[in-house]
Amino acid sequence: MEIFKSANWITCALANEGSAIAFYRNLSFSGKVKMADLYVSAVGVYDLFINGKKIDENYMKPGFTSYKNRLQYQHFSVAEHLNGNAEIRIEAGAGWAVGHHMHQINGVSPKNLFSKEIAVIATLTGEYEDGRTFVFQTDGDWNARSTEVLFSDIYEGETVDFTKPVVEYGKAQITQIQTNLVAQIGEGVVENERLTPIAVITTPKGETVLDFGQNLTGVVEMVVKGKEGDKISFSCAEVLDKDGNFYNDNYRSAKNQMTYVVDGNLRTLKPKFSFQGFRYIRLDEKPEDFFEKLQSVCAIVLHTKMKRTGYFVCGNEKINQLYHNIIWGQKSNYLDIPTDCPQRDERLGWTGDAQVFCRTASYNFDVRNFFKKWLGDVRLEQTEDGEVLGVVPQLIDRKLFSTRISAGWGDCITIIPYELYRVYGDKSFLSENFDAMQKWVEYIRRTGDNEYLWLTGYHYGDWLAMDEGMEDSYVGATSNDLVASAFYAYSVELLVKAGKALGKDMREYEQLRQNIKKEFCAYFMPEGELLEEYPYTEKIPKGKKSGCDAVRKGLTQTAVTLILQFALYKDETQKTALAKKLDELIEANGGKMTTGFLGTPYLLHALTETGYVKRAYDVFFREDNPSWLYSVNHGATTMWEHWNGIKEDGSFWSTDMNSFNHYAYGAVGDWMYETVAGIKIKEGGEGFEKIYLAPHPDKRLGFVDCSIDSVKGKIESKWRYIDDGIKFEFNVPYGVDAEIRLPDGQSERVTGGNYTYFVKN
Ligand code: BGC
């Protein structure tokens with residue numbers, strides 16, 4: 001990278017492990033500075049100061065990427081800060097690049113393979129008003145000293161002591177970092193809002209707990225004027241247990257604890273190089289008169305800067321809360337990369353989670369830059385063989401922690417680019433990712449003996465599904481062979497569509513898709529019907545929660561849903577029979593779904609698209625476990641990882657796999673936009689150029705007001721039960737070709753304008 005051509009990476013071997021380091025250099029400027037550009041990056045996370053003043057408000061710079069392949073740098077225009085003498089200071093903590101990554105294995109945290117040391121790099125170029133120029137960069141003339149941050153880690157939290165004297169470490173040491181520096185892609189992580197506590201609780205155990213009223217991702221900020229040596233320490237939690245006591249065992253090994261020792265000055269206490277997922281904090285240690293010393297306290301909500309584009313409100317408060325939880329699930333988990341959850345010892349770019357939620361996410365917010373960045377890392381981490389990992393970016397030895405090459409996870413590389421193309425109409429998502437999509441498909445094609453089915457490997461399957469007898473395991477009962485082969489077919493289908501959109505000859509893959517379908521039908525539905533059970537082919541250790549010893553079923557809600565959604569039926573007759581089967585399976589299960597991570601996002605679509613609209617709504621409105629409203633009824637303010645994370649008796653379903661801020665099941669959001677409000681992009685109408693406005697009203701909702709601020713302008717769909725019928729109102733931007741379809745069969749092709757209809761009940 002030219003900008004850093006003569007700059008050196010610098011580190012400091014004397015600093016205590018885990019502590020943040022201040023790298024600094026005093027410079028003199030011999031005239032009025034007209035322009036100055038400062039470029040900075042770090043192995044770790046950093047803040048930039050000039051003469052003690054923090055230069056920008058972004059958090060967690062330089063961001064999380066596939067560090068071994070690329071590391072972002074940031075640009076700052078700093079002329080106004082450079083008068084006479086100026087101290088440039090870069091404070092850096094461990095962050096993702098040096099700190100903990102991934103959960104513990106047998107009580108030991110896996111080694112972060114990227115770096116053991118915090119390092120920074122910077123280049124300053126500028127021009128005086130008289131035309132003279134200057135260049136400075138990080139080199140052996142920079143110094144290092146300690147900061148008040150004695151320890152910081154993304155999982156663990158932060159320890160800060162304002163009373164400790166600063167230790168000068170002397171000259172920084174030049175070091176080598178193997179990576180490529182690239183300019184920042186996207187907007188970075190910013191403060192979005194501040195929430196003040198809604199209650200101070202004394203729990204039955206006598207703990208002092210602050211409740212922010214909303215599960216969120218961010219940091220707590222306290223402004224405190226203590227006396228020298230006062231210690232304030234707090235931990236984070238998402239929920240209280242059934243007795244009302246503080247509970248964070250579900251964070252597993254991630255401590256999420258902040259500890260501050262203050263001096264006599266007014267101090268703002270806030271983690272600099274860490275973030276937490278929480279609703280509650282427990283004051284673990286505090287001075288006697290803490291609340292008198294506390295001038296203010298709030299939770300700062302952090303996520304990648306994204307413009308909100310989707311809105312949905314209806315006449316049913318529980319559904320509104322569900323929608324709220326979907327939005328907050330996204331806010332909480334779009335912090336630089338799409339994470340599974342923001343609190344426990346993961347917070348990782350789980351590819352499956354990202355994939356299932358991507359469509360909903362792209363209606364809710366403008367996520368173009370967010371995914372442009374992350375998909376770049378997915379491509380960089382794809383192996384030569386075409387494998388797409390379970391977690392991206394990956395910083396540990398993936399053989400040690402088996403992030404599996406799994407169907408439904410690896411398919412993120414075909415599904416996400418195509419979804420983004422659908423919603424934004426931008427073909428660069430396809431052109432940038434086409435080779436990677438093809439490599440993934442070819443990888444599946446090569447594995448195992450059967451070119452047309454995926455019958456090998458070790459998959460996550462229909463993760464956390466609730467099939468009978470599997471409620472306590474992490475996996476569902478649906479045959480992984482079936483799930484994997486279905487996603488294989490879907491990935492090939494998307495590859496074909498992508499290729500065609502790019503003007504490529506896709507005949508080979510069209511043929512492949514047909515062969516897969518034929519083989520799929522013959523293998524999984526030999527007599528035209530799904531079998532009850534399939535042979536169990538995975539060779540993995542048996543384990544209670546892994547469900548590996550369980551029978552693999554064919555006739556499950558997820559199996560039928562995937563076959564319907566990926567069009568893997570022989571003909572229309574079989575499709576009709578399968579749709580009926582799906583309805584019967586739900587009926588036989590007392591009207592409830594059983595689906596997990598892979599089946600759930602498609603379930604209501606499969607029902608509505610085959611005419612079972614009422615059934616879809618009935619499932620949508622259910623309140624017992626498993627259902628979307630179960631968590632709402634149990635006080636959720638974000639989406640839960642497990643359908644019944646908190647059981648009816650108030651106990652927790654598990655300690656290990658029990659996040660209360662996992663967006664995956666929030667994927668139902670796209671059904672709300674597309675079916676309930678009826679705003680749906682037509683095949684061939686990418687970027688909202690051609691859409692349906694085909695709402696499916698249901699009395700239980702009363703009314704719906706929905707809008708998507710699309711790349712073509714704001715599309716609105718509203719309906720309301722009034723008197724003896726339903727009033728529909730649509731707003732269609734110019735340039736959008738909309739086909740309005742109403743429940744009574746009326747249909748009209750419109751563009752640009754407001755349209756109102758009334759349909760009698
Ligand atoms: C994560 C998931 C992820 C899964 C793989 C979990 O630990 O939290 O959301 O997709 O592992 O199945």
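A brief look at the structure comes next. (Residues numbered from 1 in each chain as written. Predicted model: local features only at pLDDT ≥ 70, side-chain atom pairs only at ≥ 80, totals over all residues. Heavy atoms only, no water.)

Residue P62 is bonded to the preceding K61 through a cis peptide linkage, with omega at 10°. Relative to the helices and strands, P62 resides in the loop between strand 5 (53-54) and strand 6 (71-77). At the junction of V392 and P393, the peptide bond is cis and its omega measures out at -5° in the coordinates. Residue placement: P393 occurs in the loop between helix 5 (368-381) and helix 6 (412-424). With a phi close to 80°, M102 is a non-glycine residue in the positive phi region. Note that M102 resides in the loop between helix 1 (95-98) and strand 8 (119-128). (Helix = DSSP H or I, 4+ residues; strand = E, 2+ residues; numbered from the N terminus.)

A word on the environment of G645. Structurally, G645 is set in the loop between helix 14 (628-633) and helix 15 (669-676). By relative accessible area, which is 0% here, G645 ends up buried. For the pair G645 and C521, spaced 124 residues apart in sequence, the C-alpha to C-alpha distance is 36 Å. (Buried < 20%, exposed > 50% of the residue type's maximum accessible area, 1.4 Å probe, protein only.)

This brings us to the pattern of salt bridges. Should the charged atoms of two oppositely charged side chains come close, the side chains can pair. What the rule picks out here adds up to 60 salt bridges. Across the pair E87 and R89 runs a salt bridge whose closest N-O atoms are separated by 3.5 Å. The pair formed by E87 and R89 is uniform in burial state, with each residue classed as buried. With its nearest N and O atoms 3.1 Å apart, the salt bridge here joins R344 to E346. Take R344 and E346: they sit in the same class, and that class is buried. If you follow the salt bridges from partner to partner, you end up with E87, R89, E91, R145, E148 and K272 in one network. (Salt bridge = Lys/Arg side-chain N within 4 Å of Asp/Glu carboxyl O.)

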